[in-house]
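# Reading the structure
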Amino acid sequence: MKILFLNPVGTIGGAEMCLLDVLATVGSARPNWQLSVVLGDDGPLREAVEALGFSCALLLLPRGLARMGDSGSRETGSRWSRGGVLAARGSVAALATAAYLSRLRRLIRAETPDLIQTNGMKAHVLGAWAAPRAVPVVWHLHDYLGSRPVMARLLRNSAGRRVNAVAVSQSVAADALRTLGDRASVQTIYNAVDLERFAFKGEDGAWLDAAAGMPPAAPGTIRVGLVATFAVWKGHHLFLDAIARISDKLPCRFYIIGGPIYRSRGSQVERDELEERVNVLGLGGRIGFVGHQADPARAIGALDVVVHASTRPEPFGRVIVEGMACGRAVVAIQDGGAAELFVNEVTALGCPPRDAESLGQAIRRLVVDPDLRRRLGLAGLESARQRFDRHRLAEQWSRLYESIGMDQRAEAANALGQANQARGNERSEA
Ligand code: GLC
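Residues numbered from 1 in each chain as written. Predicted model: local features only at pLDDT ≥ 70, side-chain atom pairs only at ≥ 80, totals over all residues. Heavy atoms only, no water.

### Looking at the site of the ligand
- All residues in the neighbourhood of the ligand are listed as G14, A15, C18, H142, V168, N191, W233, E314, P315, F316, G317 and R318.
- In this structure, H142 approaches the ligand through a side-chain N or O atom, which is 2.6 Å from an oxygen atom.
- Between the ligand and F316 there is a distance of 3.0 Å, counted from an oxygen atom to a backbone nitrogen or oxygen.
- Summarising the interface, the protein chains cover 91% of the accessible area of the ligand, which totals 310 Å² for the free molecule.
- The element that contributes the greatest number of residues to the shell around the ligand is helix α1 (residues 14-29), accounting for three residues.
- Residues belonging to the shell around the ligand are distributed by class as follows: six nonpolar, four polar and two charged.
- Here the shell around the ligand spans two domains, and each of domain 1 (2-192 + 391-421) and domain 2 (195-387) adds at least three residues to it. (Near = heavy atom within 4 Å. Polar contact = N/O pair within 3.5 Å; in protein donor to acceptor, adjacent residues only side chain to side chain. Areas by Shrake-Rupley, 256 points an atom, 1.4 Å probe, with all protein chains shown as cover. Helix = DSSP H or I, 4+ residues; strand = E, 2+ residues; numbered from the N terminus. Nonpolar A, V, L, I, M, F, W, Y, C, P; charged D, E, K, R; others polar. Domains from an automatic or database assignment.)

### A word on the packing of aromatic side chains
- Counted under the stated rule, the structure contains five aromatic pairs.
- Consider the rings of Y190 and F388, whose centres lie 6.4 Å apart with planes at 80 degrees: the pair is edge-to-face. Placement of Y190 in the loop between β7 (184-188) and α9 (205-211) and of F388 in the loop between α15 (370-387) and α16 (391-429) is noted, with a sequence separation of 198 residues between them.
- Its relative accessible area of 17% is what places Y190 among the buried residues.
- Accessibility expressed as a relative area gives 0% for F388, which makes it buried.
- Members of the aromatic cluster, each reached through a chain of ring pairs, are W33, W397 and Y401.
- The ring of W33 is capped by R30, whose NZ or CZ atom sits 5.6 Å from the centre of that ring.
- Its guanidinium or amino end placed over the ring of Y190, R387 lies 5.6 Å from that ring's centre, counting from NZ or CZ. (Phe/Tyr/Trp six-rings, centres within 6.5 Å; stacked < 30°, edge-to-face > 60°. Buried < 20%, exposed > 50% of the residue type's maximum accessible area, 1.4 Å probe, protein only. Lys NZ or Arg CZ within 6 Å of the ring centre and 35° of its normal.)

### Looking at the nonpolar core
- By size, the foremost hydrophobic cluster in this structure holds 73 residues, and its most contacted members are L104, W139, F198, Y255, I257, I320 and L341.
- At six residues, the largest contribution of residues to this core is made by helix α6 (residues 121-130).
- Both domains that furnish three or more residues to this core are identified here as domain 1 (2-192 + 391-421) and domain 2 (195-387).
- For W139, the contacting residues outside a window of four places in its chain are T118, H124, A128, L155, S158, A159, V163, N164, A165, V166 and L180.
- Grouped together as the second largest cluster of nonpolar side chains are 36 residues, F230, V305, V331 and I333 included. (Core = buried A, V, L, I, M, F, W, Y, C linked by side-chain atoms within 4.5 Å. Contact = heavy atoms within 4.5 Å.)

### Describing the pattern of salt bridges
- Going through the model one piece at a time under the given rule, you end up with 21 salt bridges.
- In this structure, the salt-bridge partner of E275 is R271, at a minimum N-O distance of 2.9 Å. Here E275 and its partner R271 are both found in helix α11 (residues 271-280), four residues apart, which amounts to about one turn of the helix.
- Overall, E275 belongs to the partly exposed group, its relative accessible area being 31%. (Salt bridge = Lys/Arg side-chain N within 4 Å of Asp/Glu carboxyl O.)

### Quick word on the UniProt feature "domain: Glycosyltransferase subfamily 4-like N-terminal" (unreviewed entry) in the protein chain
- Per the UniProt record, "domain: Glycosyltransferase subfamily 4-like N-terminal" (unreviewed entry) is found at residues 94-197.
- The distance from the first to the last C-alpha atom of residues 94-197 is 42 Å, and the span holds 47% helix and 19% strand. (UniProt positions renumbered as here; feature names shortened; annotations may be inferred.)

### Some thoughts on the domain arrangement of the protein chain
- Each assigned domain of the protein chain is listed with its residue range as follows: domain 1 (2-192 + 391-421) and domain 2 (195-387).
- On a C-alpha basis, the centres of domain 1 and domain 2 stand 30 Å from each other.
- Of the residues lining the interface, 34 residues belong to domain 1; the matching set on domain 2 comes to 28 residues.
- In total, domain 1 and domain 2 occlude about 2,400 Å² of area from one another, counting both sides; carbon and sulfur atoms represent 47% of this.
- Salt-bridge contacts for D21 lead to R318; the nearest nitrogen and oxygen are separated by 3.0 Å.
- Here domain 1 and domain 2 share seven residue pairs in polar contact (both at pLDDT 80 or more) between them. (Buried area = accessible area lost by both parts, 1.4 Å probe.)

### Things to note about the sheet that holds strand β8 (residues 222-227)
- The strand order across the open sheet built from six strands is β10-β9-β8-β11-β12-β13, with neighbouring strands paired in parallel fashion. Both outer strands of the open sheet, β10 (287-290) and β13 (349-351), are each paired with one neighbouring strand and no more. Ignoring which end each strand starts from, the neighbouring axes of this sheet average 20 degrees apart.
- Two strands pair when backbone bridges link them, and strand β12 (residues 329-333) and β13 are joined in this way by three bridges, in the parallel orientation. (Pairing = 2+ DSSP bridges. Axes fitted to C-alpha atoms, helices over the stretch in contact; angles between N-to-C directions.)

### Side note on a positive patch on the surface
- A cluster of like positive charges, contributed by R103, R105, R106 and R109, occupies part of the molecular surface.
- Note on placement: R106 falls in helix α5 (residues 92-111). (Patch = residues over 30% accessible without salt bridge, like charges linked within 9 Å, V, L, I, M, F, W, Y side chains within 5 Å. Lys, Arg positive; Asp, Glu negative; His and termini not counted. Charge placed at Lys NZ, Arg CZ, Asp CG, Glu CD.)

### What about the side chain of N191?
- The topology assignment puts N191 in the loop between β7 and α9.
- For N191, a relative accessible area of 7% corresponds to the buried category.
- When near neighbours in sequence (up to four residues on either side) are disregarded, N191 contacts C18, H140, V168, F316, R318, F388 and R392.

### A closer look at the sheet that holds strand β4 (residues 115-119)
- Read from one edge to the other, the open sheet built from seven strands follows the order β3-β2-β1-β4-β5-β6-β7, with strand pairing classed as parallel. The open sheet is flanked by β3 (55-58) and β7, the only strands paired with a single partner. Going across the sheet, the axis of each strand differs from the next one's by a mean of 20 degrees, ignoring polarity.
- The sheet contact formed by strand β1 (residues 2-7) and β4 spans four bridges and is parallel. Paired with L4 across the strands is I116, a residue of β4.
- Along the sheet face, α1 touches β1, β2 (34-39), β4 and β5 (137-141) and points at about 170 degrees away from the line of β1.
- Of the strands in this sheet, β1, β4 and β5 are in contact with α6, which crosses β5 at around 175 degrees.

In structure tokens, the structure reads:
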């Protein structure tokens, strides 16, 4: 089996970590299969794919298209709607997109994949439009289609072909079914993580302090961090508002770990803006910024408490699972797919969405209660081992690809049978 994966960006965020997990696990479970990747932009993802032993081609997205909102911008409609979207006749973006599509079609024809898998909204649309009819397309859904009305319309149209969608949580699957109707078959495969990589490897707090440009914290300081890309909805402001409610007499220090890794316009918070808020709230000296980490496992392992604070329903929330896998105590927002990942008060502390008071209280409880931290850490680790070990992915995905391949062959055989029968009928009539 030959599978071609399309990914619009070259940076490594959550969706790209999932792509690497699928490649690594399916690649070792089915060593005879040929897996290869096409990226819309160069970046560390290319090296990571190649390091796994897979080929990675670049088909650079035109700049305008690369910068169009893909992950939820400040404006509700985002650039897809303001710019008249992909298909807008006569617009430069549409011309560039048409040219891009024909290059993508050529590339796909040359590669002759049996199946194409796409990661990210742009890739879903481009993949569905560029793939030959006979080649099935699998959309790996990391986002709520319903929250992007314009993208959803494009996807509904491109689902004029039959599409197989795999959602990262039941919540995302339910949304996809509502949005796409019966045009797509939708199933859920929960993401998983490499438990060897995401494991507690010993106290690393001094490294984290240095990475944040802070003096070493006093022994016994509890390190609490939000680990997220700088997307506007990841809750950086909420985290700061929660910290402002926690007494500065408590032995704790806070960290914002991550950076603006996606390039779409208007979709990211700015570090300056966060620093200004830190000053306004009088939090200077209590919080440090640690930029995007190529090795998030190290940063997560260096924390005592991992915070998830998204202000919109989180499709999945990898960092929750990564925190549990590292045996850290996790505080997470109980909304969207994130709520499917933990049991409140057992494997993590859950908080209602957009509620700085509750988030502050949950963090405070963990700072003052070492037993609670230990209990959640152990239970979270056990749950990560049971539910989110990435070895599970190998069989789930391989079987999915095999069954789609079988459906496709059955359909082709059916079509051939019908054609033969029609020819037979013609002959007997003649
Ligand atoms: C996207 C989602 C996030 C998820 C990740 C991996 O970034 O926003 O919730 O964890 O993809 O599926």
